[in-house]
Amino acid sequence: MKEKINTHRVVTFLTREELDFLDKLEKDMMFSTGRHISRSQIIQDMAGLLTETQMDASGVKDDTELRSRIMQAIAKLVKEEQDKNRG
């Protein structure tokens, strides 16, 4: 039996460009694989990926610094995955 995951609703505000990008991802997946993915699922998967980085946001002063830390954390995760696949 599959364990039920407790989820919570989050309200977010996105720009039109951000919303259009999520819609594009949705459509790309639908037309290339026939499978549907919701915007909510895309955001949930992004949060899951960020969780995997185990990033620390201590001392982050603003939005720009947060974005930089996120990019560094994801780059580190990608490098670790590539190293693991090499040997």
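This text gives an overview of the structure that appears in the document. All values derive from a computational prediction rather than experimental measurement. Note that residues are indexed from 1 along each chain, following the sequence as it is written. Where totals are concerned, whole chains, interfaces and linings use all residues; where local detail is concerned, this predicted model gives features only for residues with pLDDT of at least 70, and gives and counts side-chain atom pairs only at 80 or more. Hydrogens are left out, water is left out, and the side-chain values use all remaining heavy atoms of the structure.

**Some points on helix α2 (residues 39-53)**
Each helix is a run of DSSP H or I of at least 4 residues and each strand a run of E of at least 2, with the numbering of both proceeding from the N terminus. A helix is expected to span 1.5 Å multiplied by its residue count minus one. With 15 residues, α2 should cover 21 Å at 1.5 Å per step; its first-to-last C-alpha distance of 22 Å lies within 8% of that length. Looking one or two residues beyond α2, the residue adopting positive phi is Q54, at roughly 55 degrees.

**Some points on the packing of helix α1 (residues 16-33) against α2**
One can describe the packing of α1 onto α2 by two numbers: an axis separation of 9 Å at closest approach and a directional angle of 100 degrees. As judged from the angle between their axes, α1 and α2 are roughly perpendicular. Where α1 approaches α2, its residues L19, L22, D23, L25 and E26 are matched on the opposing element by R39, I42 and I43. Nonpolar residues are Ala, Val, Leu, Ile, Met, Phe, Trp, Tyr, Cys and Pro. Charged residues are Asp, Glu, Lys and Arg, and all others, Gly as well, are polar. Among the residues forming the contact of α1 with α2, the class breakdown is 5 nonpolar, no polar and 3 charged. Whenever a helix is involved, its axis is fitted only over the stretch in contact; in every case the axis is a line through C-alpha atoms, and angles between N-to-C directions fall within 0 to 180 degrees. Throughout, the term roughly parallel applies to angles under 35 degrees, roughly antiparallel to angles over 145, roughly perpendicular to angles from 65 to 115, and oblique to all others. Any two residues whose heavy atoms approach within 4.5 Å are treated as being in contact.

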